[in-house]
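Below, each chain spelled out in residue letters.
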Amino acid sequence: VSGSMSGEKLGQAKRAVTDTVARMRDGDQLALITYDSTSRVVVPLGPVGARRGAIAAAVSANRHCRRVVVTAAVNNVSFDRPIKLGDVVIIESQVTRAFNSSMEVYLEVFVENATTGERSRCNEAYYTFVAVDQLGGPIAVPAIEPQTDAERARFDGALRRRQLRLILAGKLKPEDATELKALFD
């Protein structure tokens, strides 16, 4: 099969969709559609949207490494437009890069008008997850191989975002942030 398919089509074929309907603690239903290390959640508007975004991001990280993951950071949450009552909220997440035991996950939130079907992006965020073993210690995760130009751009930027996170957390000295320094040289 792979010999007769282009790389992109093979990647799409590998992302065979698994539909799952899950019940959340607040009692409403959502559709969780998962790919290899990508998740898409379609939900009605509600007060727990941020939690659903975190769940979609965690599912992507978990599917990438097939381990228990814990949230290490929520980064760069930006809002482009409001979500109106009655809009359908679509949350998509994808692992952008894997480091030693951590993974950066990019999250996009779209709204879809239930009447017209018009879809537009309303916000985005970056999450960092760490894979842990049975004792709760960090464990190595597999690398990511970006396929599209957009995936490559996020992959390339992930190291700079990681260095910035580590500087802000006091875990990396600014002079050691080689990727960030390269932006200004």
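Before any of the text, the structure's been laid out above.
Just so you know, these numbers come straight off a predicted model, no measurement behind them.

What to know about the nonpolar core
- Core analysis: the biggest nonpolar cluster contains 22 residues, and Val69, Met103, Val105, Leu107, Tyr127 and Phe129 have the highest contact counts within it.
- Sorting the residues of this core by element identifies helix 2 (49-65), strand 5 (88-98), strand 6 (102-112) and strand 7 (119-132) as the ones contributing at least two each.
- Excluding its chain neighbours within four sequence positions, the residues that come into contact with Met103 are Ala61, His64, Cys65, Val69, Val95, Arg97, Ala98, Tyr127, Thr128, Phe129, Ala131 and Val141.

What to know about a nonpolar patch on the surface
- On the surface, a nonpolar cluster with roughly 310 Å² of combined accessible area is contributed by Val74, Val77 and Phe79.
- Here Val77 is to be found in strand 4 (residues 68-79).
- The class of Val77 is partly exposed, set by a relative accessible area of 41%.

Digging into the environment of Pro138
- The residue Pro138 is located in the loop between strand 7 and helix 3 (149-168) in this model.
- Pro138 sits in the exposed class, given a relative accessible area of 61%.
- Apart from residues lying up to four places away in sequence, Pro138 is in contact with Ser101, Val130, Ala131 and Val132.

Examining the packing of aromatic side chains
- Tallied over the full model, the rule gives 2 aromatic pairs.
- Judged by centre distance (6.0 Å) and plane angle (15 degrees), the ring pair of Tyr127 and Phe129 falls under stacked. Phe129 carries the same exposure label as Tyr127, and that label is buried.
- Positioned over the ring face of Phe155 is Arg97, at 4.1 Å from the centre of the ring.
- In this structure, Arg162 is placed above the aromatic ring of Phe99, and the distance from its NZ or CZ to the ring centre is 4.6 Å.

Some thoughts on unusual backbone geometry
- One non-glycine residue, Arg66, lies in positive phi territory at about 60 degrees.
- You can see Arg66 is positioned in the loop between helix 2 and strand 4.
- Here Arg66 falls in the exposed class, since its relative accessible area comes to 54%.

What about the environment of Glu108?
- Looking at the element boundaries, Glu108 is found in strand 6.
- Here the alpha-carbon distance between Glu108 and Ser93, two residues 15 residues apart in the chain, equals 6.3 Å.
- In this structure the side chain of Glu108 is engaged in a polar contact, spanning 3.4 Å, whose partner is the side chain of Tyr106.

A short note on the pattern of salt bridges
- Tallying each qualifying case throughout the model produces 7 salt bridges.
- One salt bridge connects Arg121 with Asp80, and the closest N-O pair in it is separated by 2.8 Å. You can see Arg121 sitting in strand 7 and its partner Asp80 sitting in the loop between strand 4 and strand 5, a full 41 residues away along the chain.
- Arg161 is the salt-bridge partner of Glu104, the closest N and O atoms lying 2.8 Å from each other.

Digging into the layout of surface pockets
- Approximately 370 Å³ is the volume attributed to the second largest pocket.
- Looking at the second largest pocket, it is lined by 17 residues, and the ones nearest its centre are Ala73, Thr128, Arg162, Arg165 and Leu166.
- Mapped onto the lining of the second largest pocket, the elements with two or more residues apiece are strand 4, strand 7 and helix 3.
- Per-element accounting of the lining of the second largest pocket gives the leading share, 6 residues, to helix 3.
- Tallied by class, the residues present in the lining of the second largest pocket amount to 9 nonpolar, 4 polar and 4 charged.

The rules we used
- Residues numbered from 1 in each chain as written.
- Predicted model: local features only at pLDDT ≥ 70, side-chain atom pairs only at ≥ 80, totals over all residues.
- Heavy atoms only, no water.
- Core = buried A, V, L, I, M, F, W, Y, C linked by side-chain atoms within 4.5 Å.
- Buried < 20%, exposed > 50% of the residue type's maximum accessible area, 1.4 Å probe, protein only.
- Helix = DSSP H or I, 4+ residues; strand = E, 2+ residues; numbered from the N terminus.
- Contact = heavy atoms within 4.5 Å.
- Patch = residues over 30% accessible without salt bridge, like charges linked within 9 Å, V, L, I, M, F, W, Y side chains within 5 Å.
- Areas by Shrake-Rupley, 256 points an atom, 1.4 Å probe, with all protein chains shown as cover.
- Salt bridge = Lys/Arg side-chain N within 4 Å of Asp/Glu carboxyl O.
- Phe/Tyr/Trp six-rings, centres within 6.5 Å; stacked < 30°, edge-to-face > 60°.
- Lys NZ or Arg CZ within 6 Å of the ring centre and 35° of its normal.
- Polar contact = N/O pair within 3.5 Å; in protein donor to acceptor, adjacent residues only side chain to side chain.
- 1 Å grid on protein atoms, 1.4 Å probe; cavity = no way out; pocket = protein on both sides within 12 Å on 5 of 7 lines; lining within 4 Å.
- Points joined across faces, edges and corners; volume = space filled by probe spheres on them.
- Nonpolar A, V, L, I, M, F, W, Y, C, P; charged D, E, K, R; others polar.

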